[in-house]
Amino acid sequence: MEHWLPLSMTTFTVIDLETTGTDPAMNEIIEIGAVKFRNGRETGRFETLVQPVSGGIPAKTTEITGITNAMLKDAPGPIAALHELADFVGEHPLLVAHSADFDLGTIHRQLDRLGLDHLKDRFDPGRTVCTLRLAEDLVPEVIENIRQVQKDRPDYLTLDGLRDHYGLTEDTRHRADSDARLTARLLYRLLKENPRLKTLRDLQNFSSSEMGQ
């Protein structure tokens, strides 16, 4: 029955991470932002800084995010933070992320390293909508233009180009909470590109790579 639920009645849980690097196999999470949206309106929010196991963050990360080692001094560790995030998203959530392979890959590798395999069901890639992949399907020419301008920059930075293209606003970039809200607004804007996308089944059928059956 869930597949036939109108998108206007669907709760999307949007996740964004700030990390110590760009390699999901190596980086550590330093900030988590998650927001729940239904029918374009925010219905819940979770955000926390996370103290990395390594105990410190590279200067380049601080330059990009503004997050300092001092800010992380009293933050929870990754085990506590990921438990809290799992509680927030709940069972069988419909997740959303921009460049979802990075965010979900990072979460799953952290769960592996921390012995938290029992939480993996809360972060199922088969129940995740990637706004980057969705944009590639719905507005391929826009993504192509953004990539030409950005050249060899990482794909997660296409969020900047899509934000500018659609005139979306958010107070801060490269902080997890604000990036999660920006991704949520992008999702709803992209869904307007194809008015035939009315239910979860429509979204699945439009791009089978977006979500599991």
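Residues numbered from 1 in each chain as written. Predicted model: local features only at pLDDT ≥ 70, side-chain atom pairs only at ≥ 80, totals over all residues. Heavy atoms only, no water.

**Some points on helix H3 (residues 78–89)**
Residues lying three or four places apart along an α-helix face the same way, a consequence of the helix completing one turn every 3.6 residues.
Consideration 1: When the terminal C-alpha atoms of H3 are compared, their 16 Å separation across twelve residues agrees well with the 16 Å that a helix rising 1.5 Å per residue should span.
Consideration 2: Every buried residue of H3 is accounted for by Pro78, Ala81, Leu82, Leu85, Ala86, Phe88 and Val89. Buried residues along H3 cover an arc of 160 degrees about the axis, so they all sit on one side.
Consideration 3: The secondary structure elements touched by the buried residues of H3 are strand E1 (11–19), strand E2 (29–38), strand E3 (41–49), strand E4 (95–97) and helix H4 (100–114).
Consideration 4: One or two residues past the end of H3 sits glycine 90, with phi positive at roughly 80 degrees. (Helix = DSSP H or I, 4+ residues; strand = E, 2+ residues; numbered from the N terminus. Expected span 1.5 Å × (residues − 1). Buried < 20%, exposed > 50% of the residue type's maximum accessible area, 1.4 Å probe, protein only. Arc of directions from axis to C-beta. Contact = heavy atoms within 4.5 Å.)

**Considering the packing of aromatic side chains**
Consideration 1: Summed over all chains, the structure comprises three aromatic pairs.
Consideration 2: Ring centres of phenylalanine 12 and tyrosine 188 lie 6.0 Å apart, and the angle between their planes is 90 degrees; this geometry places the pair in the edge-to-face category. Placement of the pair is phenylalanine 12 in strand E1 and tyrosine 188 in helix H8 (residues 176–191), with a sequence separation of 176 residues. For the pair phenylalanine 12 and tyrosine 188, one class covers both residues: buried.
Consideration 3: Taken together, a centroid distance of 6.3 Å and an interplanar angle of 45 degrees make the contact between phenylalanine 37 and tyrosine 188 tilted. Residue phenylalanine 37 is located in strand E2, and its partner tyrosine 188 is located in helix H8; the two are separated by 151 residues in the primary sequence. (Phe/Tyr/Trp six-rings, centres within 6.5 Å; stacked < 30°, edge-to-face > 60°.)

**What to know about the side chain of threonine 131**
Consideration 1: Tracing the sequence through the fold places threonine 131 in helix H5 (residues 131–138).
Consideration 2: Once residues lying within four places of it in the same chain are set aside, the contact partners of threonine 131 are Val96, Ala97, His98, Thr183, Leu186, Leu187 and Leu190.

**Quick word on the nonpolar core**
Consideration 1: Ranked by internal contacts, the top residues of the largest apolar core, which has 34 residues, are Leu134, Leu162 and Leu190.
Consideration 2: Here the element with the most residues in this core is H8; it accounts for eight residues.
Consideration 3: Formed by 20 residues, the second largest nonpolar core is a distinct cluster that contains Ile32, Val50, Ala81 and Leu116. (Core = buried A, V, L, I, M, F, W, Y, C linked by side-chain atoms within 4.5 Å.)

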